[in-house]
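Per-entry structural report
Chain residues, written in single-letter form:
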Amino acid sequence: MACIEYPISFDAVVVGGGHAGCEAVWALAQSGFRALLVTLDIDRIAQMSCNPSIGGIAKGHITKEIDALGGIMARVADASAIQYRTLNASKGPAVRSSRVQCDTALYRREMLKVLSSHPNISLVQARVEDVILENGAVSGVLVDGGVVYRTRVVVLCTGTFLRGLCHIGEHHFEAGRSGDGVSTRLSASLEALGVQLKRLKTGTPPRISAHSLDFSKFEVQPGDDEITRLSFYGDAPLLRQVPCHIAYTTSETHDIIRAARERSPLFNGTIHGIGPRYCPSIEDKVFRFADKDRHQIFIEPMGLETDEIYPAGISSSLPFDVQLAFIHSIPGFEKAHVIRPAYAVEYDAIESGQMTHAMSLRAIPSVFVAGQINCTSGYEEAAAQGLMAGINAACYLRGDAPFVLRRDEAYIGVMVDDLVMRGADEPYRMFTSRAEFRLSLREDNADMRLSGYGHHYGLLSDADYAKCLEKQAQIDALAALLPTLRAADIDRERLTDAEKMPSAGNLAQLIKMPEVTMDMLAQGNDAVAAFPHAVRHCVEVQLKFDGYIRREAGRIEAFVEMEKRRIPKDFDYRSVHGLTTEVLTKLEKYRPASLGEAERISGITPAAINAIWLMLR
């Protein structure tokens, strides 16, 4: 079949309209490049294929970092949010994370509206079947029907659609997700280009009719009374807020699942892909944690105008009859009507060691990769990668140096570095524990840390960046004000807990005491109360944790020093005396750009680092 050359060429083509693809095409368009987003179904752009929430532990940090860099996830989430909740609110500021429940249909519509209204973004509904190279560089993509779109850069955000295979017990069907198509030829095309692929697996729970549930048997989980938006810069109106609920499985539930073990694709050898350790299916939990007599189910509404709920915690690939049986054994679910069954999906992802910190393939620098193709899970992880891939694709097109965030600068930097230097044998999920400098990488200061980059690369507007600078000025002003005010300047009669307020000392000293909060100071002093809550919170954290922050700053300084010790691209590791075969293999595979990167490769010993440094000197 003869190919048809599309008459318009593009600077970049983004393959896939999921959360990674949306951020990638946005970043390219905001950078001034004409970008084409190719997706299997335009009506399913930004589909929340799994849970209807954005944020969560560490994921809230990533979402706010995306926003600080000028991405769009947080703004769209705010425009569709039907519950706001701060997780770990009673714990330290480093691990507090925001999460919002979204109206999934509204989220899709808002994202489509944002992308469709950008003059540099074009959308097309098609299936990419081949990446075309000329002289080792991208020159276009071939889609079904034989149409060729010419471009200089491709960003692959394929999600679970590369050779996607869904499982519901003994029923198996090709799909990227249930009800959608699949991409098979693109996998073969990538392998022909030398890209090594492997199989991973993920899953999703059934969708249940809310009207068929007995909510009197569930625990109510309301949202926060005081709402903090995900976006630092968006101004979407607040929607009607609704509660979530909590239910639990029973011993009967577990007995039903155990009896069906041989019918589970997870255990009978049908599924070969490796699943996410930190988001296991219900059958996996029942067998892995056999001592548990119940497991929690988090009941999440899918939207304000739909009857569907998402029961997080019971994803499964069991046959439909088994699903019905164990669902009906859960208190409150006795008459549950299943709208969509649970299923597992296997898909192709790239083997570790093939991607650079710039999100490009080492072998093909004009091909960038983001999302589940990089062995990650989660909307937020995908969106962050898409944003970084889009920014770096724009840098590539301009001939500029790549944009790489260090581990001390952002959770996004931690994630990308983990993927590049450590790899992932299973779907990667971000946790606060992965960030060694997490006290400095808090949610509340993401705008202070990253908005300068967003403005520099053209993603964050002058007006939004001015807000960031104003916030920093207010933080400095409040920090300077507190030492000038004393306990006598607090009107104790206005305090709810006056007995907790010391009678001597300046406010900068008092705020360091555990029993004194910035809200108390604002309650008793108008000058403090004049500052916005976000500003007061930042200053409170800085002062209360000053010693810990300064100690962490010392560790960051040592980390940055190791990052500065660069290793040339053509460095001959075989010339270094004393390196083992295992160490040599890993160093030649990952080609670290610094001693710091080399340190983070699994299996690289301190002795090997010292030997490399001696050779470099």
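The structure this text deals with has already been given above.
Presented here is a report on the structure given in the accompanying data block. This one's a predicted model, so the numbers in the text were calculated from it and none came from an experiment. (Residues numbered from 1 in each chain as written. Predicted model: local features only at pLDDT ≥ 70, side-chain atom pairs only at ≥ 80, totals over all residues. Heavy atoms only, no water.)

**Side note on the overall build of the chain**
- Helices and strands together make up the secondary structure of the chain, namely 20 helices and 21 strands.
- For 617 residues, the compact-globule estimate of 2.2 N^0.38 gives 25 Å, and the C-alpha radius of gyration of the chain, at 26 Å, lies within 12% of that figure.
- In terms of its C-alpha atoms, the chain occupies a principal-axis envelope of roughly 85 × 70 × 55 Å.
- Counting contacts in the chain only where the partners sit at least 6 residues apart, residues at least 24 apart contribute 73% of the total.
- With an accessible surface of roughly 25,200 Å², the chain has 51% of that area assigned to carbon and sulfur atoms.
- Side-chain charges in the chain split into 67 positive and 77 negative, and the spacing between the mean points of these groups amounts to 3 Å. (Helix = DSSP H or I, 4+ residues; strand = E, 2+ residues; numbered from the N terminus. Rg over C-alpha atoms; globule rule 2.2 N^0.38 Å. Contact = heavy atoms within 4.5 Å. Areas by Shrake-Rupley, 256 points an atom, 1.4 Å probe, with all protein chains shown as cover. Lys, Arg positive; Asp, Glu negative; His and termini not counted. Charge placed at Lys NZ, Arg CZ, Asp CG, Glu CD.)

**Observations concerning the packing of helix α9 (residues 379-398) against helix α10 (residues 411-422)**
- Packing of α9 against α10 leaves a shortest axis separation of 10 Å and a crossing angle of 85°. Accordingly, the angle class assigned to the pair α9 and α10 is roughly perpendicular. Contacts between α9 and α10 involve Glu-381, Ala-384, Gln-385 and Met-388 from the first element and Ile-412, Met-415 and Leu-419 from the second. (Axes fitted to C-alpha atoms, helices over the stretch in contact; angles between N-to-C directions. Parallel < 35°, antiparallel > 145°, perpendicular 65-115°, else oblique.)

**Remarks on unusual backbone geometry**
- Phi at Met-359 is positive, roughly 75°, even though this residue is not glycine.
- With respect to the helices and strands, the residue Met-359 is situated in the loop between β20 (343-350) and β21 (367-369).
- Backbone geometry at Cys-375 places phi at a positive 70°, although glycine is not the residue there.
- Tracing the chain through its elements places Cys-375 in the loop between β21 and α9.
- The exposure class assigned to Cys-375 is buried, which follows from its relative accessible area of 1%. (Buried < 20%, exposed > 50% of the residue type's maximum accessible area, 1.4 Å probe, protein only.)

**Some remarks on the sheet that holds strand β17 (residues 296-301)**
- Strand order across the open sheet formed by six strands is β15-β16-β17-β18-β14-β19, with antiparallel pairing between neighbours. Edge positions in the sheet fall to β15 (219-221) and β19 (338-340), since each of these pairs with one other strand and no more. Taking each pair of neighbouring strands and ignoring which way they run, the sheet shows an average axis angle of 35°.
- Here strand β16 (residues 244-248) runs beside β17; their pairing, made up of four bridges, is antiparallel. By the bridge assignment for β17, Ala-247 is matched with Ile-297. (Pairing = 2+ DSSP bridges.)

**Considerations on the packing of helix α1 (residues 19-30) against helix α4 (residues 104-116)**
- It is the contact of α1 with α4, at a shortest axis distance of 11 Å, that shows an interaxial angle of 25°. The pairing of α1 with α4 is recorded here as roughly parallel in orientation. Handedness of the crossing formed by α1 with α4: left-handed. Residues His-19, Cys-22, Val-25 and Trp-26 of α1 touch α4, and the partners they reach there are Tyr-107, Met-111, Val-114 and Leu-115.
- Residue composition of the contact of α1 with α4, grouped by class: seven nonpolar, one polar and no charged. (Left-handed = near helix turned anticlockwise from the far one by under 90°. Nonpolar A, V, L, I, M, F, W, Y, C, P; charged D, E, K, R; others polar.)

**Comments concerning the pattern of salt bridges**
- Inspection of every chain in the model, using the stated rule, returns 41 salt bridges.
- Salt-bridge contacts for Arg-75 lead to Asp-67; the nearest nitrogen and oxygen are separated by 3.8 Å.
- The class of Asp-67 is buried, set by a relative accessible area of 0%. (Salt bridge = Lys/Arg side-chain N within 4 Å of Asp/Glu carboxyl O.)

**Here's the deal with the pairing of β20**
- Along β20, eight of the eight residues are buried, which leaves the element largely enclosed by surrounding structure.
- For strand β11 (residues 165-168) and β20, the ladder comprises three bridges, and the chain directions are antiparallel. Considered in β20, the bridge of Cys-166 is made with Val-345.
- As paired elements, strand β13 (residues 197-204) and β20 share eight bridges and run antiparallel to each other. Across the sheet, residue Gly-203 finds its bridge partner in β20, namely Ala-344.

**What to know about helix α6 (residues 251-259)**
- Along α6, the residues that are buried comprise Thr-253, His-254 and Ile-257. Projected down its long axis, α6 shows its buried positions confined to an angular sector of 95°, all on one face.
- Against α7 (282-288) and α8 (320-328) lie the buried residues of α6. (Arc of directions from axis to C-beta.)

**Brief notes about the packing of aromatic side chains**
- All chains considered together, the criterion is met by 13 aromatic pairs.
- Arranged with centres 6.5 Å apart and planes meeting at 55°, the rings of Phe-10 and Tyr-149 form a pair that is tilted. In this pair, Phe-10 sits in strand β2 (residues 10-15) while Tyr-149 sits in strand β10 (residues 147-156), placing the two residues 139 residues apart along the sequence. The pair Phe-10 / Tyr-149 is uniform in exposure class, with both members buried.
- Among the aromatic residues, ring-to-ring pairing joins Tyr-6, Phe-10 and Tyr-149 into one connected group.
- Its end group placed over the ring of Trp-613, Arg-565 keeps NZ or CZ at 4.4 Å from the ring centre. (Phe/Tyr/Trp six-rings, centres within 6.5 Å; stacked < 30°, edge-to-face > 60°. Lys NZ or Arg CZ within 6 Å of the ring centre and 35° of its normal.)

**Overview of the sheet that holds strand β4 (residues 53-55)**
- With antiparallel pairing, the three strands of this open sheet are ordered in space as β4-β6-β5. What marks the edges here is a single partner per strand, and that holds for β4 and β5 (81-87). Across the sheet, the mean angle from the axis of one strand to that of its neighbour is 20°, orientation sign disregarded.
- The sheet contact formed by β5 and strand β6 (residues 97-102) spans six bridges and is antiparallel. Note that in β6 the partner of Tyr-84 across the bridge is Val-100.

**A short note on helix α18 (residues 581-590)**
- If you check which residues of α18 are buried, you get Val-583, Leu-584, Leu-587 and Tyr-590. Within α18, the buried residues cover an arc of 150° as seen down the axis, which keeps them to one side.
- Looking at the buried residues of α18, the elements they touch are α10, α19 (595-599) and α20 (606-616).
- Positioned one or two residues after α18, Arg-591 has a phi angle of 45°, which is positive.

**Concerning the side chain of Ser-189**
- Looking at the element boundaries, Ser-189 is found in helix α5 (residues 185-192).
- Looking at Ser-189, the relative accessible area reads 8%, which means it is buried.
- Reaching out from Ser-189, the side chain makes a polar contact with the backbone nitrogen of Val-131 at a distance of 3.4 Å.
- The contact partners of Ser-189, leaving out residues within four places of it in the chain, are Glu-129, Asp-130 and Val-131. (Polar contact = N/O pair within 3.5 Å; in protein donor to acceptor, adjacent residues only side chain to side chain.)

**Points about the environment of Ile-601**
- Looking at the secondary structure, you find Ile-601 in the loop between α19 and α20.
- Distance from Ile-601 to Gly-423, taken between C-alpha atoms, is 8.8 Å for residues 178 residues apart in sequence.
- With sequence-adjacent residues up to four places away left out, Ile-601 is seen in contact with Met-421, Lys-586, Leu-587, Tyr-590 and Pro-592.

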